[in-house]
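# Summary of the model geometry
Given next are the chains, with one letter for each unit.
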Amino acid sequence: MTIKITGTGSELPEKIVTNFDMQELVETSDEWIRERTGIAERRISTGETVSSLSAKACQKALEMAGKAASEVELIIVATCSPELLLPCCACQVQDMIGASNAAAFDMNAACSGFLFALNTVNAYLQAGIYKNALIAGSEVLSKLVDWTDRGTCVLFGDGAGAAFVEASADDAVYDNGRKAGLECMVQGSDGAKGMVLSCAERPVNNAFVSEKQTVNPYIQMNGQEVYKFATRQVPACINKALDKAGLCVDDVDLFILHQANVRIIESVAKRLKADIAKFPMNLDKVGNMSSATIPVLLDELNRSGKIKKGDRIVLSGFGAGLTYGASVLVW
Ligand code: ACO
């Protein structure tokens, strides 16, 4: 038994906000943002929600897989920016798309969320508990960003990507000797360093607390610490995953990394001694969408025919938590 991604989909808000638009809001420049991050523009919600974006991305993934919503057995939405604490986004998505036979829950591993959800689905499917699952990575980070803080507001965007994953008994070997499926995964967390990238929820101010607290409700980030974490941990965990699978960097066709920053991706490629051409990027157009970056890029590559059957892909996520991971799969 193996798992296959048989459908992908994505959905972005309509509004495009360029670096020149950002110049009107904070003291910054198109040149600074491009040089330090690689971002030129991002999509920003003017009303779209994590649930509405997820539902549209999920519908597109189902359509590609040729499945009806009623056939979906599990829905996981990876998000750190839900509009409601209760009910979870996945239950809202279930209702919006009419997947009434599915179990549904959310998962928060920030920018590693989609990857952790895929690994979780793999475990469910391998165990024979479910036969298929819909996974979405979806964020409206624009509501968590302080639009007066130039150090963070230029980095993020809103959007959603989704994948439909099915258990498959197909053991066929492609011409290149590879079999479709998830070959190996590595996941890790470093909670001790978690506060280098944080966003507070409401404080405990219940009827029994005498000194009421206030919190800053926006994303706080130590950019240089995040940069150091990503550039060390990502190549290390990709190497670990490849070692575990008995593979080397040259055996990989594409590295689909969380799209946080061009400089991080270039540094990872250099440390792995891998050709940067194997690291597709789209963050110039969409910015950092946390859990949505990997599935949105995956959908773009899939729909444009840039991923072919038999390709070996490494997916790697890293972000708040701190969380990180790498999964090796054959398409
Ligand atoms: N425009 C112009 N100047 C700016 C801006 C901006 N948008 N933001 C910060 N600056 C200024 C700072 O105020 C500082 O000025 P000073 O020297 O007068 O004090 C100067 O630029 C340098 O600031 P640094 O924070 O040292 O800039 P750095 O070179 O580290 O770049 C960046 C900042 C791009 C955030 C970098 O640290 C980075 O890439 N970090 C990785 C973090 C990341 O990608 N986070 C995304 C979320 S986490 C994730 O997805 C994994």
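Before reading further, recall that the structure is shown in the block above.
Residues numbered from 1 in each chain as written. Predicted model: local features only at pLDDT ≥ 70, side-chain atom pairs only at ≥ 80, totals over all residues. Heavy atoms only, no water.

On to the nonpolar core, then. The biggest cluster of nonpolar side chains holds 49 residues, and the ones touching the most others in it are I238, F255 and F279. Counting residues per element, the ones that place at least two in this core are β8 (181-189), α7 (223-244), β11 (254-257), α8 (262-272), β12 (312-319) and β13 (323-330). Take this core: its biggest share by element is eight residues, from α7. When residues of this core are sorted by domain, at least three fall in each of domain 1 (2-168) and domain 2 (181-330). (Core = buried A, V, L, I, M, F, W, Y, C linked by side-chain atoms within 4.5 Å. Buried < 20%, exposed > 50% of the residue type's maximum accessible area, 1.4 Å probe, protein only. Helix = DSSP H or I, 4+ residues; strand = E, 2+ residues; numbered from the N terminus. Domains from an automatic or database assignment.)

Quick look at the sheet that holds β8 now. Two orientations exist for strands paired in a sheet by backbone hydrogen bonds: parallel and antiparallel. Pairing in this open sheet of four strands is mixed, and the strands run β8-β13-β12-β11 from one edge to the other. Sheet topology places β8 and β11 at the edges, where each strand pairs with a single neighbour. Ignoring which end each strand starts from, the neighbouring axes of this sheet average 15° apart. Pairing of β8 with β13, which is carried by eight bridges, proceeds in the antiparallel orientation. Bridging from a neighbouring strand, G188 pairs with Y324 of β13. Sheet contacts for α7: β8, β11, β12 and β13; angle to β13, the most-contacted strand, approximately 35°. (Pairing = 2+ DSSP bridges. Axes fitted to C-alpha atoms, helices over the stretch in contact; angles between N-to-C directions. Contact = heavy atoms within 4.5 Å.)

Inspection of every chain in the model, using the stated rule, returns 12 salt bridges. The partner of E11 in a salt bridge is K60, with the nearest N and O atoms 2.6 Å apart. With E11 in strand β1 (residues 2-11) and K60 in helix α3 (residues 50-65), this residue pair connects regions lying 49 residues apart in the sequence. Of the charged contacts, one joins K228 and E225 as a salt bridge, the two residues approaching to 2.9 Å between their closest N and O atoms. (Salt bridge = Lys/Arg side-chain N within 4 Å of Asp/Glu carboxyl O.)

Taken together, 23 residues are adjacent to the ligand, and T28, R36, Q224, N261 and N288 come closest. Within the side chain of T28, a nitrogen or oxygen atom sits 2.6 Å from a nitrogen atom of the ligand. Contacts to the ligand include H258, whose side-chain N or O atom sits 2.8 Å from an oxygen atom. In isolation the ligand has 1,000 Å² of accessible area, and contact with the protein removes 73% of it. (Near = heavy atom within 4 Å. Polar contact = N/O pair within 3.5 Å; in protein donor to acceptor, adjacent residues only side chain to side chain. Areas by Shrake-Rupley, 256 points an atom, 1.4 Å probe, with all protein chains shown as cover.)

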